[in-house]
2 protein chains.
Amino acid sequence: MVFVGVDGGATKTLAVSADARGNIIGVGESGPSNYHVVGLDGAVRNINDSVKQSLAPVKMEVADVVTLGLAGMDTRHDFEVFEREAVNRILGRKVFVRHDAEIALVGATRGEPGVIVIAGTGSVAGARNRRGEYARCGGWGYVVGDEGSAYFLGREALRAVLWAYDGRGEQTVLTEKVMEALGISSPDEIVRKVYVEKMSVHEIARLAPLVTEAAKSGDKVASSIVREAARHLALHVIALVKKLGMEGEQPIKVATVGGVFRAGEVIIKPFKSFLEKRYSVEIVEPEFPPAIGALLLSYMLSGIEVSEEIVENIRRSYPKHRLYA
Amino acid sequence: MVFVGVDGGATKTLAVSADARGNIIGVGESGPSNYHVVGLDGAVRNINDSVKQSLAPVKMEVADVVTLGLAGMDTRHDFEVFEREAVNRILGRKVFVRHDAEIALVGATRGEPGVIVIAGTGSVAGARNRRGEYARCGGWGYVVGDEGSAYFLGREALRAVLWAYDGRGEQTVLTEKVMEALGISSPDEIVRKVYVEKMSVHEIARLAPLVTEAAKSGDKVASSIVREAARHLALHVIALVKKLGMEGEQPIKVATVGGVFRAGEVIIKPFKSFLEKRYSVEIVEPEFPPAIGALLLSYMLSGIEVSEEIVENIRRSYPKHRLYA
C-alpha cells in the first residue's frame, strides 16, 4: 500500500509518498494547484505531476490513498466543483480533498486534536477535535477577513499614521517608520501610494514587521494594533473550540504558524493571555509541514492509527528527501 | 465684478456665476474635474467649459474671481501640482483652489463656522473656525479610511455575516438580507462575490441600507455596526474641533451630508449623542449645495462679507437656474 499527501498551494504543489509504516518513498514538486489560480485542469495536471514524481522510485502510476490539502477550497461550492470535476482524474484509488489549513494542523500536531492559527499575509484557523471533526474559521481574505494577519497589521499601521496626521489618533513612531518604508515625505502621500500606485496586499503586509518592532520598542499605538491582532487571532480559536465542543479536551494544543507569529512574544504573549482567560492551552511549534500532515491524514482516513513507529519513520526518512527544498 | 463658484467632482463639474450682490448670472455643467480621473488638461478643460457656460448670459470670457472646490485634492502634493500646472489656465483673474469638503461646508452653513461630515460611499469631514481656518479629517479612501461611510457599513455587514457563519459573531438578520441581496445561498459564497466576481466599492456600499434597516428593526449586530459608524463619524468632528480650537465656538454647527445620514435617527441619534458628551452641537441640514459654497467663498476670499442681502439674492435667483438638474 502506498499513501500520498499533497500540499497544493497557490504557487506550488508538494507531494510525499510513503509505505504503510511511514517510510517515505519519494517527494514531488510542481506548479500551483489552487484551482482559482490555474483552473481545474491546471490543478489536476500539477497535482498528478507531483504525485507521479513522488511515486517514481517505486515505478508506480497510481497510489492507493491520496489526501489533497488544497488552497482556495474556501466554500462548499469549491468542494462540490472539485469533487465533481477533478477528483476522478487524480492518480489515487482513494482520494480525499481537504482544506489546506486542515493538513497544516494535522502536520503541526502530528494528528493529535488541536487548533492551528495561520497568520501570514492572510489569516485563517482550523481545528480538529477528538472525534476527527474539522472546522475552519476566518480566512475570508483581505477585504472582509484576514483579521490579525500581516495585511491587517500593515493596513492598521497606515491607518494609524493617517489618524495621527488628521488628529484622530495619538502620535506614533509608525509615522516616521512608514514614511521611510514607503519613501514619502508626508503622511497624506499614503493616499497616492495606496490608490494611485495601487500598493498590493503583499506590499501592505510587508509593513507588519514595522508594527511589531515599534510595539517592542514601547510605542503605544503600535502596541495597541498588535494587541488587537492578537485578540482577533485568539477569537478564531475561541470560535472553533466552541463550534467543535473542545472544552473537554483541555489543555488545547494550539499550533501557531506564519510570519506574524515569528515576531515572537510581542504577539504570542497577548494571544496566549486572551486564550488563557478561558482555557488551558498549550502553544506548540508545528512538528511536520503540511504535506506530511496530508500524508498522516491519508493514514488516518484509511483507518490506520498514526503510531509512534510511523511518526519515527517519517522523522527519520523525510529530511533525506529535502521536502523543504 | 463677476464671481464664480465651481464644484468639481469625479463625475461632473458645476459652475455658478453671480454679481457682487449674489444675483446669479448663469450656471454651467461639464464633465469630471478630478485630475486623478481626467488628468490636469482634462480638468482644466472641463472647469473652463463650465465656467464659460455660466458666463454666457453676460458674454464674458473671464471671471473676476473663481473658487474651485475640487475632488481628489487629498494631499499637499495635489495642491502643489494643481497650483503650479493648472491654475494659470483657469478663466478667472483671481483663482482659489479648495478641497471639495470645504466648499460643501461653506454652502451648508452659508459661510458660518462649523463642521461638515460627508458620509456617502466614502466619508470625510471638514471644518472652518471663526478665523476662517480650514482643516479636514478622514477621507483616506476605502482601504485605509472612509470610516463610517456606506462602504464601511456594507463591508462590516459582509464581515458580520461571515463571523456569524464561522462562529465568531452572533446570529443576525443580516445573513438572510445579504444573501438575498447578493443572490447567494450560503454565507461563504461572499468570498466568491468579493474576490472572484470582484464586487466594487460601490456594490459593497450599496449594502449599507440593509444595515440601517436591520438596526431599525432591532437587530443587535446591525445596531452595533451602525453605532460604530456613528462613533467614527463623531471622531472626525472631535478631531477637527480640537485641531481648529473651536471649543469656544459652541454651539458648534455640524452639517450632515450624504446617503448614510439619510437613514435618519438610527445614525444621527448616536452620532449626536457621541458629540454631546463633549460639546453643545447643532445638527444642521445643508442650506446651499457645494457650488454655491464655492461662490460664497469667492466673496469671502475677496473680502466681501456674505450679507443677508447676498444670501437672499442667491436664494431667490439660483433655483431658476436649475442648479440641481
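These figures come from a predicted structure and were not determined experimentally.

A. Structural context of the overall build of chain A. Helix and strand content of chain A: 13 helices and ten strands. Compactness check: chain A gives a C-alpha radius of gyration of 21 Å against a globular reference of 20 Å for 325 residues, within 12% of the reference. Taken along its principal axes, the extent of the C-alpha atoms in chain A is 65 × 45 × 35 Å. The buried share among the 325 residues of chain A stands at 59%. A fraction of 68% describes how many contacts in chain A between residues 6 or more apart in sequence connect residues 24 or more apart. Of the roughly 13100 Å² that chain A leaves accessible, carbon and sulfur atoms contribute 50%. Of the side chains in chain A, 40 bear a positive and 41 a negative charge, and the two mean positions are spaced by 1 Å.

B. Up close: the interface of chain A and chain B. With 41 residues of chain A at the interface, the matching set in chain B holds 41 residues. Of the roughly 3400 Å² buried where chain A meets chain B, counting both sides, 61% is carbon and sulfur surface. The largest per-residue losses of area from chain A upon contact with chain B belong to Trp 140, Val 144 and Arg 168 of chain A, which jointly make up 21% of the total buried on that side. Here chain A and chain B share four salt bridges between them.

C. Quick peek at the environment of Asp 7 of chain B. All names here are of chain B. For Asp 7, the location among the structural elements is in strand E1 (residues 3–8). Of the residues examined, Asp 7 reaches a relative accessible area of 19% and is grouped as buried. Here the alpha-carbon distance between Asp 7 and His 99, two residues 92 residues apart in the chain, equals 9.9 Å. If we ignore the near neighbours within four places in the chain, the residues touching Asp 7 are Lys 12, Thr 13, Leu 14, Gly 69, Ile 103, Pro 290 and Ala 291.

D. Main features of unusual backbone geometry. Between Gln 250 of chain A and the following residue, Pro 251 of chain A, the backbone shows a cis peptide bond with an omega angle of -5 degrees. Mapped onto the elements of the fold, Pro 251 of chain A is located in the loop between helix H10 (220–243) and strand E9 (252–257).

E. Structural context of the sheet that holds strand E7 (residues 123–128) of chain B. All names here are of chain B. The strand order E8-E7-E6-E9-E10 describes an open sheet built from five strands, whose pairing is mixed. Strands with a single pairing partner mark the edges of an open sheet, and in this sheet they are strand E8 (134–138) and strand E10 (281–284). Neighbouring strand axes in the sheet, compared pairwise and without regard to direction, differ in orientation by 20 degrees on average. Contacting strand E6 (114–119), strand E9 (252–257) and E10, helix H11 (residues 265–276) crosses the sheet at an angle of about 155 degrees to E10.

F. Seen up close, the packing of H10 of chain A against helix H11 (residues 265–276) of chain A. All names here are of chain A. Between H10 and H11, the shortest axis-to-axis distance is 8 Å and the interhelical angle comes to 45 degrees. By the angle between their axes, H10 is oblique relative to H11. Viewed along their axes, H10 and H11 form a crossing whose handedness is right-handed. Across from Val 226, Arg 227, Ala 229, Ala 230, Arg 231, Leu 233, Ala 234, Val 237 and Ile 238 in H10, the residues of H11 making contact are Val 266, Ile 267, Pro 270, Phe 271, Phe 274 and Leu 275. Class assignment for the residues of the contact of H10 with H11 results in 13 nonpolar, no polar and two charged.

G. Quick peek at the sheet that holds strand E8 (residues 134–138) of chain A. Residue and element names in this part refer to chain A. One open sheet accounts for five strands, arranged E8-E7-E6-E9-E10; its pairing is mixed. The sheet terminates laterally at E8 and strand E10 (281–284), the two strands that pair on one side only. Within the sheet, the average angular offset between the axes of one strand and its neighbour, ignoring direction, is 20 degrees. Both strand E7 (residues 123–128) and E8 contribute to a ladder of five bridges, which runs antiparallel. Across the sheet, residue Ala 127 finds its bridge partner in E8, namely Ala 135.

H. A look at helix H6 (residues 174–182) of chain A. All names here are of chain A. When we look at burial in H6, the residues that qualify are Leu 174, Thr 175, Val 178, Met 179 and Leu 182. All buried residues of H6 fall inside an arc of 125 degrees around its axis, so they share one side. What points out from H6, more than 90 degrees from its buried face, is the exposed set Glu 176 and Glu 180. If you follow the buried residues of H6, they end up packed against helix H5 (150–166), helix H7 (190–196), helix H9 (208–216) and H10. Just past H6, the residue Gly 183 takes up positive phi, approximately 65 degrees.

I. Inspection of the domain arrangement of chain A at higher detail. Residues and elements named next belong to chain A. Parsing chain A into structural domains produces domain 1 (3–100 + 288–321) and domain 2 (111–286). Put simply, the middle of domain 1 and the middle of domain 2, counted by C-alpha atoms, are 29 Å apart. For the pairing of domain 1 and domain 2, the buried interface totals around 580 Å² over both sides, and the portion due to carbon and sulfur atoms is 54%. A per-residue breakdown of the area domain 1 buries against domain 2 is headed by Asp 74, His 99 and Met 300, which together make up 65% of the total. A salt bridge links Asp 74 to Arg 136; the shortest N-O distance between them is 3.0 Å. Linking domain 1 to domain 2 there are three residue pairs in polar contact (both at pLDDT 80 or more). Considering each element in turn, the side of domain 1 that touches domain 2 owes the most residues, three residues, to helix H12 (residues 290–300). Of the residues assigned to the side of domain 1 that touches domain 2, the class counts are five nonpolar, one polar and one charged.

Conventions adopted
- Residues numbered from 1 in each chain as written.
- Chains lettered and ligands numbered in written order.
- Predicted model: local features only at pLDDT ≥ 70, side-chain atom pairs only at ≥ 80, totals over all residues.
- Heavy atoms only, no water.
- Helix = DSSP H or I, 4+ residues; strand = E, 2+ residues; numbered from the N terminus.
- Rg over C-alpha atoms; globule rule 2.2 N^0.38 Å.
- Buried < 20%, exposed > 50% of the residue type's maximum accessible area, 1.4 Å probe, protein only.
- Contact = heavy atoms within 4.5 Å.
- Areas by Shrake-Rupley, 256 points an atom, 1.4 Å probe, with all protein chains shown as cover.
- Lys, Arg positive; Asp, Glu negative; His and termini not counted.
- Charge placed at Lys NZ, Arg CZ, Asp CG, Glu CD.
- Buried area = accessible area lost by both parts, 1.4 Å probe.
- Salt bridge = Lys/Arg side-chain N within 4 Å of Asp/Glu carboxyl O.
- Pairing = 2+ DSSP bridges.
- Axes fitted to C-alpha atoms, helices over the stretch in contact; angles between N-to-C directions.
- Parallel < 35°, antiparallel > 145°, perpendicular 65-115°, else oblique.
- Left-handed = near helix turned anticlockwise from the far one by under 90°.
- Nonpolar A, V, L, I, M, F, W, Y, C, P; charged D, E, K, R; others polar.
- Arc of directions from axis to C-beta.
- Domains from an automatic or database assignment.
- Polar contact = N/O pair within 3.5 Å; in protein donor to acceptor, adjacent residues only side chain to side chain.

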